[in-house]
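Here's the letter readout for the chains.
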Amino acid sequence: TVFKIDRSDGPVGRTYPPMQVRDEVVATIRTRPEESRSALDWYTLGSLLVYQGCLDENDGLLKEGINCLMRAASATPPDPEAVLDLCWILAVRRLEAMAVHYAIQATELMPDRRDAWRFRANCHLALKQREQALECMKKVVVLAETSPDDHELLADLKSGKDVDFSKAVMGFAQLVYL
């Protein structure tokens, strides 16, 4: 059987198999020549490497995983979950100027996905792009699975209230796959 990560809940609700299974999957994908790997192979490899890199606080694994996710995101067609994962990991690493590109792409690929719009809003907030963040949050609150924090942030943005940047982007760090 072919291993697949259950991607139905996005970065927030994702679960991973035990380490032995992850290691076997990574080893299997690595045996395939790069040119014959599918977007799903690149996504799976990248996702597992980023996950392990987060657990081990290993920059080498994180960088390798990010590179694999970039391959999946640039495939034809791009893997939407890889795009969303790239946005998340780049923002967690405080690279919002790079993450916003993937956040925009994620909202184009998944216009009905709350996480994509919220990640994009968070990136815009980090880049001090208040109006863009406001437009994204207007979309977030009409989608399924909104949270009270989503509504609070939208109200703050609409009122012109100073937004506590650290609180607004804290959601990125809370989404670590642990």
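The structure we're discussing is the one just above.
About the cut-offs
- Residues numbered from 1 in each chain as written.
- Predicted model: local features only at pLDDT ≥ 70, side-chain atom pairs only at ≥ 80, totals over all residues.
- Heavy atoms only, no water.
- Salt bridge = Lys/Arg side-chain N within 4 Å of Asp/Glu carboxyl O.
- Buried < 20%, exposed > 50% of the residue type's maximum accessible area, 1.4 Å probe, protein only.
- Helix = DSSP H or I, 4+ residues; strand = E, 2+ residues; numbered from the N terminus.
- Phe/Tyr/Trp six-rings, centres within 6.5 Å; stacked < 30°, edge-to-face > 60°.
- Lys NZ or Arg CZ within 6 Å of the ring centre and 35° of its normal.
- Contact = heavy atoms within 4.5 Å.
- Polar contact = N/O pair within 3.5 Å; in protein donor to acceptor, adjacent residues only side chain to side chain.
- Core = buried A, V, L, I, M, F, W, Y, C linked by side-chain atoms within 4.5 Å.
- Disulfide = S-S within 2.5 Å.

A complete count under the given rule lists eleven salt bridges for this structure. Here R114 and D115 are joined by a salt bridge, their closest N and O atoms 3.1 Å apart. There is no split in this pair, since R114 and D115 are both buried. One salt bridge in this structure joins R118 and D150, with 2.5 Å as the shortest N-O distance. In this pair, R118 is assigned in helix α7 (residues 114–126) and D150 in helix α9 (residues 148–159), connecting sequence segments 32 residues apart. Note on accessibility: R118 and D150 belong to one class, buried. Residues joined in a network through salt bridges with shared partners are R114, D115, R118 and D150.

To continue, consider the packing of aromatic side chains. Tallied over the full model, the rule gives one aromatic pair. Where Y16 meets Y51, the ring centres are 4.2 Å apart and the plane angle is 15 degrees; that geometry is what we call stacked. Of the two residues, Y16 sits in the loop between α1 (10–13) and α2 (19–31) while Y51 sits in helix α3 (residues 39–56), which places them 35 residues apart along the sequence. With respect to class, Y16 is no different from Y51; both count as buried. Sitting over the face of the ring of W42, R37 holds its NZ or CZ atom 4.7 Å from the ring centroid.

Here we take up unusual backbone geometry. One can expect most non-glycine residues to show negative phi and most peptide bonds to be in trans. Looking along the chain, the bond that leaves T76 and enters P77 is cis, with omega of -5 degrees. Take P77: it is sitting in the loop between α4 (59–73) and α5 (80–92). Positive phi outside glycine occurs at E57, with the angle close to 50 degrees. With respect to the helices and strands, the residue E57 is situated in the loop between α3 and α4. With a phi angle near 60 degrees, K128 is a residue other than glycine that sits in the positive phi range.

Along the chain, D41 turns up in helix α3. Setting aside chain neighbours within four positions, we find D41 in contact with I29, R32 and S36.

Along the chain, the position of R114 falls in helix α7. One polar contact links R114 to D115, side chain to side chain, over a distance of 3.1 Å. Excluding anything up to four places from it in sequence, R114 contacts V140, L143, A144, E145, T146, S147 and D150.

The next point concerns the nonpolar core. Ranked by size, the top nonpolar core spans 36 residues in total, and within it V50 and Y102 carry the most contacts. Contributing elements (two or more residues each) for this core: α2, α3, α4, α5, α6 (96–109) and α7. In contact with Y102, other than residues within four places in its own chain, are M70, A73, V83, L86, C87 and L90.

What follows deals with the state of the cysteines. For the structure on display, the rule yields zero disulfides. The closest cysteine sulfur to the non-disulfide-bonded C123 is located on C87, 4.1 Å from its own sulfur.

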